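Chains, contacts and geometry: an overview
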Amino acid sequence: MKHLKTPQVDKLDSDRKTRAIVEGMLANIRENGEEAVRGYAKNLDSWTQDFALSDEKKAKLIAQVSDQAKEDIQFAHTQIKRFAKAQRESLTDFQIDTEPGVTLGQRCVPVDCAGCYVPGGRYAHVASALMSVATARAAGVPFVVAASPPRGDAIDPAVAYAMDLAGADLILEMGGVQAVASMAMGLFGAKPADILVGPGNAFVAEAKLQLFGGVGIDLFAGPTESAVIADSTADPMTVAIDLLSQAEHGTTSPVWLFTTSSELAETVNRILPVIAKDWPTGEVAAEAWANHGEIVICDDREQMAEVSDRYACEHLQVQAEDLEWWKTRLRNYGSLFLGEGSTVTHGDKCSGTNHILPTRQAARYTGGLNVMKFLKILTWQEIQTDADPMMSSVASRLSRTEGMDAHARACDWRLQKFGKKDDWGFEVAYQERIE
């Protein structure tokens, strides 16, 4: 294995600076609440209007969206909602009798309020609005707050339409750390969110990370990552275009190529900068490629799979023979795109799988946003009194094995109350009833 191309920028120093800035902002918002948020909105976004999008303003924004754009957004919403509903139906309440008189079960209960962040800035992330809000709704969340940074005097009209179509109860024209904090803390008419979801820039991702604990988060969603696994059968042009298409997200977005073909690797490395020169956003993509792009040449497909699992990238494309082998072999990725006919853009926009995905190797332990993120899996048990002596005997002995006498006595009391033996074969503490 060797690197034909390596990244040129170290992210650690930038991460430290971001962490310190976010810590200061969150401390200010915790202390000064809405006043602090207004200050950040004015200084960072030149925003002095109300934050909650009124019905009247929303209607005016939606009227600006073309019929074709609405049709496309509706199509994407249908696919995303359909897949999310199938996910919800795959997880059910159940109960099971594990022993005579012992019944255990689970309930799948949605959180009360979800806060959905929709990025703004360079692009209008219409699909992100659908991915977060529609998925929360499919999970059964009763109240959804959505926030997106304004672009001038309002949020993007298509984003407003997507949020409304997907079912947002409250839309905040607000971005950045202050938006995430406002949803978490329940400011400006929002209910305090139980979970924060959605992608964002480094400051948004860091804010979610620092707020975690007091509120749930979906995952760490940093700068977009994309990798292509390609063998000698792949088309270098397709590979280069797919890598560039994802580098468009921003100058800090890494894209990686894992291949067994030196010829393909060298061709992609040569033609990719040339292609970028012809694209309107090619300058952004070219900078991302120059600073963060990598090409790794592997000995065989097994080594490619090992390397890919080690990188655990957000989006993973496979343009190689034997797609079924790759589907069953690969383990660490946010979402998988099999074959030349599948590109990340499909999943990003409209195919139906969620595009809010883990980055920075978080795919080693979590998948992307899905309905389960909005659900609490609550367990319950009911033990009949005639089954209690059996269960209490084991629990009492285990408690004392651990040195937890008070735990044992809760079971000893039940043995005394419901049991029929005088000699249990182990020491049972007698508790006098106190009236």
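Quick summary incoming for the structure in this document. (Residues numbered from 1 in each chain as written. Predicted model: local features only at pLDDT ≥ 70, side-chain atom pairs only at ≥ 80, totals over all residues. Heavy atoms only, no water.)

Brief notes about a nonpolar patch on the surface
The following threshold applies: Residues enter a patch when their relative accessible area is above 30% and they make no salt bridge; the linking distance is 9 Å between like charges and 5 Å between nonpolar side chains (Val, Leu, Ile, Met, Phe, Trp, Tyr). Accessible areas in this description were obtained via Shrake-Rupley with a 1.4 Å probe; residue shielding takes into account the shown protein chains only. For this analysis, a salt bridge means a side-chain nitrogen from Lys or Arg found within 4 Å of a carboxyl oxygen belonging to Asp or Glu. Segments assigned H or I by DSSP are reported as helices when at least four residues long, segments assigned E as strands when at least two residues long, and all are numbered from the N terminus. Burial classes: relative accessible area under 20% of the type maximum marks a residue as buried, over 50% as exposed, and values in between as partly exposed (1.4 Å probe, protein chains only).
A cluster of nonpolar side chains, Phe-94, Ile-96 and Leu-104, forms an exposed patch at the surface whose accessible area comes to about 250 Å². Within the fold, Ile-96 resides in strand β2 (residues 94-99). Overall, the relative accessible area of 44% leaves Ile-96 in the partly exposed class.

Quick look at helix α14 (residues 388-401)
For clarity, the threshold we go by: Here the expected length of a helix is defined as 1.5 Å per residue gap, with one fewer gap than residues. Each direction from the helix axis to a C-beta atom contributes to the arc, which is the arc of those directions. Any pair of residues with heavy atoms lying within 4.5 Å of one another is described as a contacting pair.
Taking 1.5 Å as the rise per residue, α14 with 14 residues should run 20 Å; its terminal C-alpha atoms sit 20 Å apart, in good agreement. Those residues of α14 that sit buried are Asp-388, Pro-389, Ser-392, Ser-393, Ser-396 and Ser-399. One side of α14 carries all its buried residues, which in axial view fall inside an arc of 140°. Contact partners of the buried residues in α14: β14 (375-383) and α15 (405-418). Remark: Gly-403 follows α14 within two positions and exhibits a positive phi of approximately 85°.

A short note on the sheet that holds β2
Operational definition: Any two strands between which DSSP finds at least two bridges are classified as paired. Between the N-to-C directions of two axes lies an angle of 0 to 180 degrees, each axis being a line fitted to C-alpha atoms and, for a helix, fitted only over the stretch in contact.
Strand order in the open sheet formed by three strands is β2-β3-β14, with antiparallel pairing between adjacent strands. Two strands bound the open sheet, and with one partner strand each, they are β2 and β14. Shown here is a sheet whose adjacent strand axes are inclined to one another by a mean of 20°, direction ignored. Relative to β14, strand β3 (residues 102-110) is paired through nine bridges, and the arrangement is antiparallel. Considered in β14, the bridge of Gly-105 is made with Trp-380.

Points about the pairing of strand β9 (residues 226-230)
To keep it simple, the criterion reads: For crossovers, right-handed means that the path from the first strand over the helix to the second runs clockwise, given strands pointing away from the viewer.
Of all five residues making up β9, five are buried, and the element is well covered by its neighbours. Burial along β9 is two-sided: Ser-226, Val-228 and Ala-230 and Ala-227 and Ile-229, pointing in opposite directions, are all buried. Here β9 runs beside strand β10 (residues 255-259); their pairing, made up of five bridges, is parallel. Counterpart to Ile-229 in the pairing with β10 is Phe-258. For the crossover from β9 across helix α8 (residues 236-247) to β10, the handedness is right-handed. Of the strand pairs in this sheet, β9 and strand β12 (residues 315-319) are connected by five bridges, and their pairing is parallel. Counterpart to Ala-227 in the pairing with β12 is Leu-316.

Regarding the packing of aromatic side chains
The following threshold applies: Ring pairs are drawn from Phe, Tyr and Trp, using the six-membered ring of Trp, whenever the two centres fall within 6.5 Å, and their geometry is named by plane angle: stacked under 30 degrees, edge-to-face over 60, tilted for the rest. Counting as a charge over the ring demands two things of the Lys NZ or Arg CZ atom: a distance within 6 Å of the ring centre and an angle within 35 degrees of the ring normal.
Counted under the stated rule, the structure contains four aromatic pairs. Ring centres 4.8 Å apart and planes at 90° place the aromatic pair Trp-325 and Trp-326 in the edge-to-face group. Like Trp-325, the residue Trp-326 is buried in the burial classification. It is Lys-5 that lies over the ring of Trp-289; its NZ or CZ is 5.0 Å from the centre.

Looking at the state of the cysteines
Rules: Sulfur atoms of two cysteines make up a disulfide when they are within 2.5 Å.
Counted by the stated rule, this structure contains zero disulfides. Just so you know, Cys-116 is unpaired, no disulfide at all, and the nearest cysteine sulfur is the one on Cys-113, 8.7 Å from it.

Let's talk about the pattern of salt bridges
Within this structure, the stated rule accounts for 16 salt bridges. Two residues, Asp-15 and Arg-360, come together in a salt bridge whose shortest N-O distance is 3.0 Å. Of this pair, Asp-15 sits in helix α1 (residues 12-45) while Arg-360 is found in the loop between α13 (344-349) and β14, placing the two residues 345 residues apart along the sequence. On the basis of relative accessible area, Arg-360 is assigned to the partly exposed category, the value being 34%. A salt bridge links Lys-327 to Glu-324, with the shortest nitrogen-to-oxygen separation between them at 3.4 Å. Here Lys-327 and its partner Glu-324 are both found in helix α12 (residues 323-329), three residues apart, which amounts to about one turn of the helix. We classify Lys-327 as partly exposed; its relative accessible area is 42%. The network of salt bridges with common partners includes Arg-400, Asp-405, Arg-409 and Asp-412.

Just distances and angles here, no functional claims.
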